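What follows is the residue order along each chain.
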Amino acid sequence: MRKSIACSAIALASVGAATLATPATAQELQFSGPEIMTQVEVHMVAAAGGSGQVYGVAKWIGAASLPGLFDSMHETSIEGFQFDANRKQGEARGSLFRTNNDGTMAGSYKVNFSVTKDEKGQFKGSSEGTFEITDGTGRFAHVRGHGTGKGSFEGPNYSGQLNLTVTGFEKRASAQ
């Protein structure tokens, strides 16, 4: 009988210790809002042999708003892309950096896009992709998350909608 009680006590102590050592699951929060960007720099080179493949790098600046997470953040994105001029489709992968007075958020993204030209030779298109928030400072120091974005562009101007799911963010108490 004593052996049974001792084993039960050890088992309960182990379960209790495991429970105390297991961190609580972070609450996931969802946010949506607009993003407006302008391509400020782009460098491209066509692949040899006339295949229609184009490779390049681009820099975008703009702003995003995800009410409840932040009202407005300045955004800078740097990307590498490849584009198939015959299919009029491409893919971009890049890094994003958002900042405001409350802190910063950084991460990466992958976007698929399609492009056409209008009668004036202006590029128009649409894009859809995913992004990940992997680092932050200030109020966003513990924010980590993933999301989707979808939008359209005309020339160097882009506008779209972001949807983001994060953990590690504590909402501020509302002022009453």
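Residues numbered from 1 in each chain as written. Predicted model: local features only at pLDDT ≥ 70, side-chain atom pairs only at ≥ 80, totals over all residues. Heavy atoms only, no water.

Got a minute to help me understand the overall build of the protein in this structure?
Within the protein one finds 1 helix and 8 strands. Start at the N end of the protein and walk to the C end: the helices and strands fall as α-β-β-β-β-β-β-β-β. Each of the 176 residues in the protein was classed as buried or not, and the buried ones make up 32%. Of the roughly 11000 Å² of accessible surface on the protein, a fraction of 55% belongs to carbon and sulfur atoms. (Helix = DSSP H or I, 4+ residues; strand = E, 2+ residues; numbered from the N terminus. Buried < 20%, exposed > 50% of the residue type's maximum accessible area, 1.4 Å probe, protein only. Areas by Shrake-Rupley, 256 points an atom, 1.4 Å probe, with all protein chains shown as cover.)

Sorry if this is basic, but what is going on with the sheet that holds strand β2 (residues 53-66) here?
Sheets are built from strands paired through backbone hydrogen bonds, the pairs being either parallel or antiparallel. Spatially, 8 strands are ordered β1-β2-β3-β4-β5-β6-β7-β8 in a closed barrel, and the strand pairing comes out antiparallel. Sheet twist, expressed as the mean angle between neighbouring strand axes with direction ignored, is 25°. Summarising the sheet, β2 and strand β3 (residues 70-84) pair through 13 bridges and their orientation is antiparallel. Its bridge partner being in β3, Gln53 is matched across the sheet by Asp84. (Pairing = 2+ DSSP bridges. Axes fitted to C-alpha atoms, helices over the stretch in contact; angles between N-to-C directions.)

Please clarify how the nonpolar core should be interpreted in this entry.
When a protein is soluble and globular, its nonpolar side chains tend to lie buried together. Among the nonpolar cores identified, the biggest contains 19 residues, and Leu69, Phe70, Met105, Phe140 and Phe169 are the most heavily contacted of them. Leave out the neighbours within four places in its chain, and Phe169 touches Leu29, Phe31, Gly68, Leu69, Arg139, Phe140 and Val143. Grouped together as the second largest cluster of nonpolar side chains are 11 residues, Met37, Ala58, Trp60 and Ala92 included. (Core = buried A, V, L, I, M, F, W, Y, C linked by side-chain atoms within 4.5 Å. Contact = heavy atoms within 4.5 Å.)

Before we go on, may I ask you to explain the side chain of Ser127 in this structure?
Looking at the secondary structure, you find Ser127 in strand β6 (residues 123-138). In this structure Ser127 comes out as buried when scored by relative accessible area, which is 11%.

Explain unusual backbone geometry here, please?
Even without being glycine, Lys88 reaches a positive phi, approximately 60°. One can find Lys88 in the loop between β3 and β4 (89-100). By relative accessible area, Lys88 is classed as partly exposed at 41%.

So what exactly am I meant to see when it comes to the pattern of salt bridges here?
Any two side chains of opposite charge can pair, so long as their charged atoms come close to each other. In the structure shown here, the tally under the stated rule is 5 salt bridges. Residues Arg98 and Glu35 are paired through a salt bridge, measuring 3.9 Å at the closest nitrogen-oxygen approach. Of this pair, Arg98 sits in strand β4 while Glu35 sits in strand β1 (residues 29-46), and the two are 63 residues apart along the sequence. Residues participating in the shared-partner salt-bridge network are Glu35, Glu75 and Arg98. (Salt bridge = Lys/Arg side-chain N within 4 Å of Asp/Glu carboxyl O.)

Is there a simple way to explain the layout of surface pockets in this structure?
Which parts of space are left empty comes out when a probe the size of a water molecule is rolled across the atoms. As a volume, the largest pocket reaches approximately 900 Å³. Contributing to the lining of the largest pocket are 35 residues, with Gln39, Trp60, Glu79, Phe113 and Phe153 lying nearest its centre. Contributing elements (two or more residues each) for the lining of the largest pocket: β1, β2, β3, β4, β5 (103-117), β6, β7 (144-154) and β8 (157-167). Tallied by class, the residues present in the lining of the largest pocket amount to 20 nonpolar, 8 polar and 7 charged. (1 Å grid on protein atoms, 1.4 Å probe; cavity = no way out; pocket = protein on both sides within 12 Å on 5 of 7 lines; lining within 4 Å. Points joined across faces, edges and corners; volume = space filled by probe spheres on them. Nonpolar A, V, L, I, M, F, W, Y, C, P; charged D, E, K, R; others polar.)

Help me understand the confidence of the model for the protein in this model?
Close inspection of predicted coordinates is inappropriate for parts of the model with low pLDDT. Across the protein, the average pLDDT comes to 86, with 82% of residues at or above 70. Note that residues 1-24 has pLDDT below 50 and, in this model, 0 contacts with residues that lie over four places away or in other chains. (pLDDT = per-residue confidence, 0-100.)

How do you make sense of the packing of aromatic side chains when you look at a structure like this?
By convention here, two paired aromatic rings are described through the distance between centres and the angle between planes. In the structure shown here, the tally under the stated rule is 4 aromatic pairs. On the basis of an interplanar angle of 10° and a centroid distance of 6.0 Å, the ring pair of Phe83 and Phe113 is categorised as stacked. Of this pair, Phe83 sits in strand β3 while Phe113 sits in strand β5, placing them 30 residues apart in sequence. Grouping residues by exposure puts Phe83 and Phe113 together as buried. Each residue in the set Phe31, Phe70, Phe140 and Phe169 is aromatic and connected to the rest through ring pairs, giving one cluster. Over the aromatic face of Phe131 sits the side chain of Arg98, whose NZ or CZ is 5.5 Å from the ring centroid. (Phe/Tyr/Trp six-rings, centres within 6.5 Å; stacked < 30°, edge-to-face > 60°. Lys NZ or Arg CZ within 6 Å of the ring centre and 35° of its normal.)

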